[in-house]
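Structural description and commentary
For reference, the chains in residue letters:
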Amino acid sequence: MAAQVEDPVQNSNRRHRKDKPWDTDDIDQWKIEPFQPTDNQGGVFTEESSFATLFPKYRERYLREVWSAVTRGLEPHGIACTLDLVHGSMSVRTTRKTYDPYIVLKARDMIKLLARGVTVNQAVKILQDDIACDIIKIGNLVRNKERFVKRRQRIIGPDGSTLKAIELLTQCYVLVQGNTVSVMGPHKSLKEVRRIVLDCMKNVHPIYRIKELMVRRELAKDPKLANESWDRFLPQFRKRHLKTSEKTLRKNEKLEKKEAARKEAGLDPQPGKKDKSTKKVYTPFPPPQQPRKVDLQLESGEYFLKPHEKQAREVQQRKQKQAEATSKRREGRAEAFVAPVEEAAPTVEERRTKRKHAEEEEGGEDLPEKSKDKKKKKEKKV
C-alpha cells in the first residue's frame, strides 16, 4: 500500500493568504515612491482646501522679499499662495492643477516654518515626500524666565556645538526661535529630537541623549546585533540630585558604618562629636522673647535721633568700618615687606669676651687657689 501523504495543517488565520511572487527580499518596503500626476485617478478635486497662518511683525520685511521664491516653489505642485500684509497672515490653497491631495498639508507646514523664522531655501524642502516637520512648543514648560532662557541656551550649546551635534546625529534641521523649536527631517529622527528638547527643558542635559545616539549609530553598523537587545551597550546615567532627607540618610549610614568599624577595631569613638544620647531638659515654658529692633533703638537712644542725625551716624559708622578694613589690608600688605631677623656674625671683641667667660666658668673652682699663688708671688717680689 502506498503511504498516504497527509496535507500540512494550515493556520486558520492565514488560510486566505496567497503567495506573492513579486514580493522579494530585494524590495525596500519602506521606500516612499514619489506621487505622480498619473497616480491621481480621481481627476480634479471637487472642493478647494486652504490653510492660513499668522506671522510676527519682524518677519514681514523678509517675507515680502522672498515671496516670489515661495510662489515659484509651490507652483509646480499646483498650490496657490497669498501674503496678506494688512492682517499679517499667509495662506495656501489648492487649484485645478493640483494632483496630489496631501501636498496642501505640506504647503501648510511650509508657511508655518516661514512664520517661525526658517529661511525660504530650507522651508521649500518640506515639500519633499521623505521630509516632515515638527514645531515643538517649549514656552510653557518652565515657569521661571531666567531658568527657561538658560535651558533653551543649553539646547544650542557653546557656539552652537550642541545643536550641530544633534543635527549631525539625527540628520535633521533644528532652529531654536523664541518659544518654539522648529525641526525638519525624517519621521524617526523627529521623535529623537523632540525627546532631546523636552528632556532638556526638564533639566536633563542633551549630552546624555547625544552619547546614547552615538552608541546606537555604532551598534547599527554591526549586522550581528540586528536581532539582539542593545540595553547592555547603552550608557545608564544615574540621577545625582537627591532630596535633603535622602542626603541626610546616606550621611548617617556612612557615619554608623565608620563607628561600627572603629568599635570592631577596639578604637575609641571619634572625639569632637556630640553624644546623641544626651537630650535637652524639657521645660514647659517658652524661651524668653527677644527684643525688637525698635526696643534696641530705644535703649541706645537711636530712636529719638532726627533723620539727618541718623544718616550722619550711619555714614560715620560706615567710614569707621572702612578705615578698619583699610588698616587691616595695609598691615597684611606690609607683612610681605618686613625683613626677616638675621643673626650677625660676632666681632673679635665679642669672641674674646665669650671665650673668657667660658674659661672662667670652666675654672671657677680653682680661682681661690690661683689668687693665693698670685699674692705670694707679689709678696716675694716685694
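Residues numbered from 1 in each chain as written. Predicted model: local features only at pLDDT ≥ 70, side-chain atom pairs only at ≥ 80, totals over all residues. Heavy atoms only, no water.

Naming follows an unreviewed UniProt entry, where the protein appears as KRR1 small subunit processome component of Paxillus rubicundulus Ve08.2h10. Within the UniProt record for the protein, the comment given under Subcellular location (unreviewed entry) is "Nucleus, Nucleolus". Per UniProt, the protein carries the Sequence similarities (unreviewed entry) text "Belongs to the KRR1 family." (UniProt positions renumbered as here; feature names shortened; annotations may be inferred.)

Description of the pattern of salt bridges
With the rule as written, the count across this model stands at 12 salt bridges. The partner of E65 in a salt bridge is R61, and the shortest N-O contact between them spans 3.7 Å. Here E65 pairs with R61, and both are found in helix 1 (residues 60-74), just 4 residues apart, close to one helical turn. Residue E65 is classed as exposed on the basis of its relative accessible area of 53%. Residue E212 is joined to R209 by a salt bridge in which the shortest nitrogen-to-oxygen separation is 3.7 Å. Of this pair, E212 and R209 both sit in helix 7 (residues 206-220), separated by 3 residues, roughly a single helical turn. Owing to a relative accessible area of 21%, R209 belongs among the partly exposed residues under this scheme. Among the charged side chains, a salt-bridge network with shared partners connects R195, D199, R209, E212 and R216. (Salt bridge = Lys/Arg side-chain N within 4 Å of Asp/Glu carboxyl O. Helix = DSSP H or I, 4+ residues; strand = E, 2+ residues; numbered from the N terminus. Buried < 20%, exposed > 50% of the residue type's maximum accessible area, 1.4 Å probe, protein only.)

Some thoughts on helix 1
The first and last C-alpha atoms of helix 1 sit 19 Å apart over 15 residues, in line with the 21 Å expected at 1.5 Å per residue. Of all the bends in helix 1, the largest measures some 55 degrees and sits at V66. Along helix 1, the positions that sit buried rather than exposed are E60, L63, V66, W67, V70, G73 and L74. (Expected span 1.5 Å × (residues − 1). Bend = angle between axes of the 7 residues up to and from the residue.)

As for a nonpolar patch on the surface
A cluster of nonpolar side chains, V294, L298, Y303 and F304, forms an exposed patch at the surface whose accessible area comes to about 400 Å². Counting through the fold element by element, Y303 comes out in the loop between helix 9 (293-300) and helix 10 (307-335). (Patch = residues over 30% accessible without salt bridge, like charges linked within 9 Å, V, L, I, M, F, W, Y side chains within 5 Å. Areas by Shrake-Rupley, 256 points an atom, 1.4 Å probe, with all protein chains shown as cover.)

Considerations on empty space enclosed by the protein
Unoccupied space between atoms shows up once a probe the size of one water molecule is rolled over them. In this structure the tally under the stated criterion is 1 cavity of 30 Å³ or more. Lining the largest cavity, in full, are E192, R195, I196, R209, E212, L213 and R216. Counting residues per element, the ones that place at least two in the lining of the largest cavity are helix 6 (187-201) and helix 7. With 4 residues, the single largest contributor to the lining of the largest cavity is helix 7. (1 Å grid on protein atoms, 1.4 Å probe; cavity = no way out; pocket = protein on both sides within 12 Å on 5 of 7 lines; lining within 4 Å. Points joined across faces, edges and corners; volume = space filled by probe spheres on them.)

Thoughts on a negative patch on the surface
A contiguous patch of negative charge on the surface is contributed by E359, E360, E361 and E362. Mapped onto the fold, E360 is located in helix 11 (residues 348-362). On the basis of relative accessible area, E360 is assigned to the partly exposed category, the value being 42%. (Lys, Arg positive; Asp, Glu negative; His and termini not counted. Charge placed at Lys NZ, Arg CZ, Asp CG, Glu CD.)

Details of the sheet that holds strand 2 (residues 79-84)
Sheets are built from strands paired through backbone hydrogen bonds, the pairs being either parallel or antiparallel. Strand order in this open sheet of 3 strands is 1-3-2, and the pairing throughout is antiparallel. Both outer strands of the open sheet, strand 1 (50-54) and strand 2, are each paired with one neighbouring strand and no more. Each strand axis lies, on average, 15 degrees off the axis of its neighbour in the sheet, ignoring direction. Along the sheet, helix 1 makes contact with strand 2 and strand 3 (89-94), crossing strand 2 at roughly 170 degrees. Relative to strand 3, helix 2 (residues 103-115) is tilted by about 170 degrees, and along the sheet it contacts strand 1, strand 2 and strand 3. (Pairing = 2+ DSSP bridges. Axes fitted to C-alpha atoms, helices over the stretch in contact; angles between N-to-C directions. Contact = heavy atoms within 4.5 Å.)

Description of the packing of aromatic side chains
Under the defined criterion, the tally for this structure stands at 2 aromatic pairs. If you follow R108 out to its NZ or CZ, it ends over the ring of F51, 5.3 Å from the centre. (Phe/Tyr/Trp six-rings, centres within 6.5 Å; stacked < 30°, edge-to-face > 60°. Lys NZ or Arg CZ within 6 Å of the ring centre and 35° of its normal.)

Let's talk about unusual backbone geometry
We note that D159 has phi near 60 degrees; this positive angle belongs to a residue other than glycine. With respect to the helices, strands and loops of the structure, D159 is situated in the loop between helix 4 (145-156) and helix 5 (161-170). Look at Q171: it is not a glycine, yet its phi comes out positive at around 60 degrees. Looking at the secondary structure, you find Q171 in the loop between helix 5 and strand 5 (173-177).

Side note on the nonpolar core
In this structure, V70, L74, M90, M110, L114 and I126 are the most contacted members of the largest nonpolar core, which totals 28 residues. Breaking this core down by element, the ones donating at least two residues are helix 1, strand 2, strand 3, helix 2 and helix 3 (120-123). The biggest single contributor to this core is helix 2, with 8 residues. Mapping this core onto the domain boundaries places at least three of its residues in each of domain 1 (36-129) and domain 2 (130-238). Leave out the neighbours within four places in its chain, and I126 touches K106, D109, M110, L113, I131, A132, C133 and M184. Of all hydrophobic cores here, the second largest spans 22 residues; its members include I138, F148, V174 and L213. (Core = buried A, V, L, I, M, F, W, Y, C linked by side-chain atoms within 4.5 Å. Domains from an automatic or database assignment.)

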